[in-house]
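# Reading the structure
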Protein chains: 2
Amino acid sequence: MRKVFQQELREVQERLVEIAELVEIAIKQATTAFATSDVVLAEQVIDDGEQIDQLAKALDELTIDILARQQPVASDLRLMVGSLRMSSSLERMADLAQHIAQLSRYRYPESAIPQGLRKTFAKMGEIDVEMAAKLVSLLREQDQAVIDEIRDLDDALDELHAKVFEKVLTEKVQASGPTGVVDATLASRYHERFGDHAVNITKQMNFFLSGELE
Amino acid sequence: MRKVFQQELREVQERLVEIAELVEIAIKQATTAFATSDVVLAEQVIDDGEQIDQLAKALDELTIDILARQQPVASDLRLMVGSLRMSSSLERMADLAQHIAQLSRYRYPESAIPQGLRKTFAKMGEIDVEMAAKLVSLLREQDQAVIDEIRDLDDALDELHAKVFEKVLTEKVQASGPTGVVDATLASRYHERFGDHAVNITKQMNFFLSGELE
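As a starting point, this report considers the structure included with it. Within each chain, residues carry numbers counting from 1 in the order of the written sequence. The naming scheme follows written order: chains are lettered A onward, ligands numbered 1 onward. Owing to the predicted nature of the model, reporting of local features is limited to residues with pLDDT of at least 70; listing and counting of side-chain atom pairs is limited to 80 or more, with chain, interface and lining totals taken over all residues. Each side-chain value is derived from all of the structure's non-hydrogen atoms; neither hydrogens nor water enter the calculation.

### Description of the overall build of chain A
Short version of the rule: Elements are defined by DSSP. Helices are runs of H or I of four residues or more, strands are runs of E of two residues or more, and each kind is numbered from the N terminus. The reference for a compact globule is 2.2 Å times residues^0.38; the radius of gyration itself is calculated from the C-alpha atoms. Only protein chains enter the accessibility calculation, which uses a 1.4 Å probe; a residue whose area is less than 20% of its type maximum is buried, one above 50% is exposed, and one in between is partly exposed. The contact criterion used throughout is that any non-hydrogen atoms of two residues lie within 4.5 Å. All accessible areas in this document rest on Shrake-Rupley with a 1.4 Å probe, and a residue is counted as covered only by the protein chains that are shown. This count recognises Lys and Arg as positive and Asp and Glu as negative, with His and chain-terminal groups excluded. Just so you know, the charge point we use is NZ for Lys, CZ for Arg, CG for Asp and CD for Glu.
Across its full length, chain A carries 6 helices and 0 strands. The order of helices and strands in chain A, counted from the N terminus, is α-α-α-α-α-α. For chain A, whose C-alpha radius of gyration is 19 Å, the value lies close to the compact-globule estimate of 17 Å for 214 residues. A total of 214 residues make up chain A; the buried ones form 57% of that total. Relative to all contacts within chain A whose residues are 6 or more apart in sequence, the contacts with residues 24 or more apart total 83%. Accessible surface, chain A as shown: approximately 9,000 Å² in total, 47% of it carbon and sulfur. Of the charged side chains in chain A, 24 are positive and 38 negative; the average position of the first set lies 1 Å away from that of the second.

What follows is the structure in structure tokens.
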């Protein structure tokens, strides 16, 4: 019985890693599609989102089933609670990757990125991808040091988000008209939220590892 | 023991209602502050957000404690799982109310609402408030019919969200410059997400009431 239970807990952990790996692929492809106006790649990200939704739902079903049958306590219970919340955040991160991909598809064959913001968005995309890779590592290795690294990346992302608005509002990118302003606003917001969800996941992992609810 | 347990389940339900009532107040005040550029009211919404965060955190602690001590199954377990997720959505709805309030504070003494969008945002605000009131009712009375009413309101909100972009992109509100475009884009997005979280809560309540995971 105990052995089955341990195996089920490992299964939850492995599935979280699997979903995080798919999120990493999604955000890598989405930011590439956004930077290069690659509409085929954008459509692939949008199509692949469904798979992540299904995996997250299946993980929730497994987690609830374990809660009902095994009635875990202490860190095992915290992993179950964390799993329910981390699956939501991972699903949301995949949604945001899809939104970023969608922006480039809407504007195709034009670029969704206004002049003067190309480097800023490239940097935001790089940080997203790095955060996602670190999340995979955190979920797999459970090394608490990675939590701070992810939070530092989120701070960098927030600074770039503020910089986008500063540039847009001081009319440095006005030439692109309202469409460019809308796209820059939404894209920047999506990147910011992507980072927030990565931080949410670090909070759940911190709760799992330390028992402390942030 | 059983009696204590039943009382604890009621406590979870009552706390969810309490938080939803505060979200209803927050969104009512935030949309009023936004419509009337009332900076004092906006600041109140921003200050009150902290209370909702604390209540949500305390509810999570209670829920996890009940999971550990009472090891609920069936609909009792579904209420616990739902509570963990609904508290997140309610907290997020309060955050979005704060964001809407913040927009009016940033632009004060100017209005954050570009010309030509006043009526659309007034309508979005009304729908938000109506959704929040219906959530309170759903959490209190657990009447499944309210779920559809909330989802219909979300559809109406999504239509208005599309209308905002249509107006902004066809340059009907261009006169307000990039600031107006940024504000309209963000405000509309906040309203849309507010509705999405209300729908998330209906999914959790549907799961609790019917056992079906959407």
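### What about the relation of the copies chain A and chain B?
Here is the rule we go by: In this comparison the copies share one frame, found by least squares on the C-alpha atoms of residues holding pLDDT of at least 70 in both.
Mapping chain A onto chain B calls for a screw motion: a turn of 180 degrees about the axis and a shift of 0.0 Å along it, with 0.0 Å RMSD after fitting. Here the symmetry operator amounts to a two-fold rotation axis. Relative to the rotation axis, the C-alpha of A:Gln71 is the closest in chain A, positioned 2.8 Å from it. Comparing interface residues between copies, 100% of those in chain A also sit at the interface in chain B, which points to an isologous, same-surface contact.

### Here's the deal with the packing of aromatic side chains
Residues and elements named next belong to chain A. Condition: For this analysis, a ring pair means two rings from Phe, Tyr or Trp (six-membered ring only for Trp) whose centres lie within 6.5 Å, classed as stacked if their planes differ by under 30 degrees, edge-to-face if by over 60, and tilted for the remaining angles.
Under the counting rule described, the total for this entry stands at 2 aromatic pairs over all chains. Here Phe 34 and Phe 121 contribute two aromatic rings whose centre-to-centre distance is 5.5 Å and whose plane-to-plane angle is 75 degrees, an arrangement assigned as edge-to-face. Residue Phe 34 is located in helix 1 (residues 2–36), and its partner Phe 121 is located in helix 4 (residues 118–141); the two are separated by 87 residues in the primary sequence. For the pair formed by Phe 34 and Phe 121, the shared burial category is buried.

### Examining helix 1 of chain A
Rule in force here: Here the expected span of a helix is defined as 1.5 Å times the quantity of residues minus one.
Across its 35 residues, helix 1 of chain A extends 51 Å between first and last C-alpha, which sits within 8% of the 51 Å expected from 1.5 Å per residue. The first or second residue beyond helix 1 of chain A is A:Ser37, which carries a positive phi of 50 degrees.

### Remarks on unusual backbone geometry
All names here are of chain A. Residue Tyr 108 is joined to Pro 109 through a cis peptide bond whose omega torsion reads 5 degrees. If you trace the backbone, Pro 109 turns up in the loop between helix 3 (74–107) and helix 4. One non-glycine residue, Ala 74, lies in positive phi territory at about 50 degrees. Tracing the backbone through its elements, the reader meets Ala 74 in helix 3.

### Focus: a negative patch on the surface
All names here are of chain A. Filter applied, for reference: Put simply, a patch holds well-exposed residues, over 30% relative accessible area, that have no salt bridge, with like charges counted together within 9 Å and Val, Leu, Ile, Met, Phe, Trp or Tyr side chains within 5 Å. Here, a salt bridge means any side-chain nitrogen of Lys or Arg that lies within 4 Å of a carboxyl oxygen of Asp or Glu.
Taken together, the side chains of Asp 148, Asp 152, Asp 155 and Glu 159 make up a negatively charged region of the molecular surface. For Asp 155, the location among the structural elements is in helix 5 (residues 145–169). Judged by relative accessible area, Asp 155 falls into the partly exposed class, the value being 43%.

### Considerations on the packing of helix 4 of chain A against helix 6 (residues 177–210) of chain A
Residues and elements named next belong to chain A. What counts here: Fitted lines through C-alpha atoms give the axes, limited to the stretch in contact for helices. The angle between two N-to-C directions lies from 0 to 180 degrees. For classification purposes, an angle smaller than 35 degrees is called roughly parallel, one larger than 145 roughly antiparallel, one from 65 to 115 roughly perpendicular, and anything else oblique. Helix crossings get a hand from a simple test, with the near helix turned counterclockwise from the far one by less than a right angle marking a left-handed crossing and a clockwise turn marking a right-handed one. Each residue is assigned to one of three groups, with Ala, Val, Leu, Ile, Met, Phe, Trp, Tyr, Cys and Pro labelled nonpolar, Asp, Glu, Lys and Arg labelled charged, and all others, Gly among them, labelled polar.
Contact geometry of helix 4 with helix 6 gives a least axis separation of 11 Å together with a crossing angle of 20 degrees. Viewed along their axes, helix 4 and helix 6 adopt a mutual orientation that is roughly parallel. As helix 4 runs across helix 6, the sense of the crossing is left-handed. Here Phe 121, Met 124, Gly 125, Asp 128, Met 131, Ala 132, Leu 135, Leu 138 and Leu 139 of helix 4 lie close against helix 6, whose contacting residues are Ala 184, Ala 187, Ser 188, His 191, Phe 194, Gly 195, Ala 198, Ile 201, Thr 202 and Met 205. Across the contact of helix 4 with helix 6, the residue classes break down as 13 nonpolar, 5 polar and 1 charged.

### Concerning the interface of chain A and chain B
Reports of interface size often rely on the accessible area that becomes lost once the parts have come together. To keep things clear, this is the line we draw: Two parts placed together each lose some accessible area under a 1.4 Å probe, and adding up what both lose gives the buried area. Counted as a polar contact is a pair of N or O atoms within 3.5 Å, where, for protein atoms, one must be capable of donating a hydrogen and the other of accepting one, and residues adjacent in sequence contribute only when both atoms are in side chains.
Across the contact, 36 residues belong to chain A and 36 residues belong to chain B. For the pair chain A and chain B, the summed buried surface comes to about 3,100 Å²; carbon and sulfur atoms form 68% of the total. Where chain A meets chain B, there are 2 salt bridges. Where B:Asp60 meets A:Arg85, a salt bridge forms, and the shortest distance between an N and an O atom there is 3.0 Å. At the surface where chain A touches chain B, the tally comes to 11 residue pairs in polar contact (both at pLDDT 80 or more). Mapped by element, the contributors of at least two residues to the side of chain A that touches chain B are helix 2 (39–70), helix 3, helix 5 and helix 6 of chain A. Class assignment of the residues belonging to the side of chain A that touches chain B gives a composition of 19 nonpolar, 7 polar and 10 charged.

### Concerning the packing of helix 1 (residues 2–36) of chain B against helix 4 (residues 118–141) of chain B
All names here are of chain B. Axis separation between helix 1 and helix 4 bottoms out at 8 Å; the angle between their running directions is 170 degrees. One finds that helix 1 runs roughly antiparallel with respect to helix 4. The residues of helix 4 that touch helix 1, namely those facing Gln 13, Leu 16, Val 17, Ala 20, Glu 21, Glu 24, Ile 27, Lys 28, Thr 31, Phe 34 and Ala 35, are Arg 118, Phe 121, Gly 125, Asp 128, Val 129, Ala 132, Ala 133, Val 136, Leu 139 and Arg 140. Its residues assigned to classes, the contact of helix 1 with helix 4 shows 12 nonpolar, 3 polar and 6 charged.

### Notes on the environment of A:Val17
All names here are of chain A. By the secondary structure assignment, Val 17 is in helix 1. Counting along the chain gives 19 residues from Val 17 to Thr 36, while the straight-line C-alpha distance between them is 29 Å. Contacts of Val 17, omitting those with residues within four sequence positions, involve Val 136, Leu 139 and Arg 140.

### Quick word on the side chain of B:Arg85
Its place among the elements puts B:Arg85 in helix 3 (residues 74–107). Polar side-chain contacts of B:Arg85 include one of 2.5 Å to the backbone oxygen of A:Leu84. The contacts of B:Arg85, once residues within four sequence positions are left out, are A:Asp60, A:Leu84, A:Ser87, A:Ser88 and B:Gln204.

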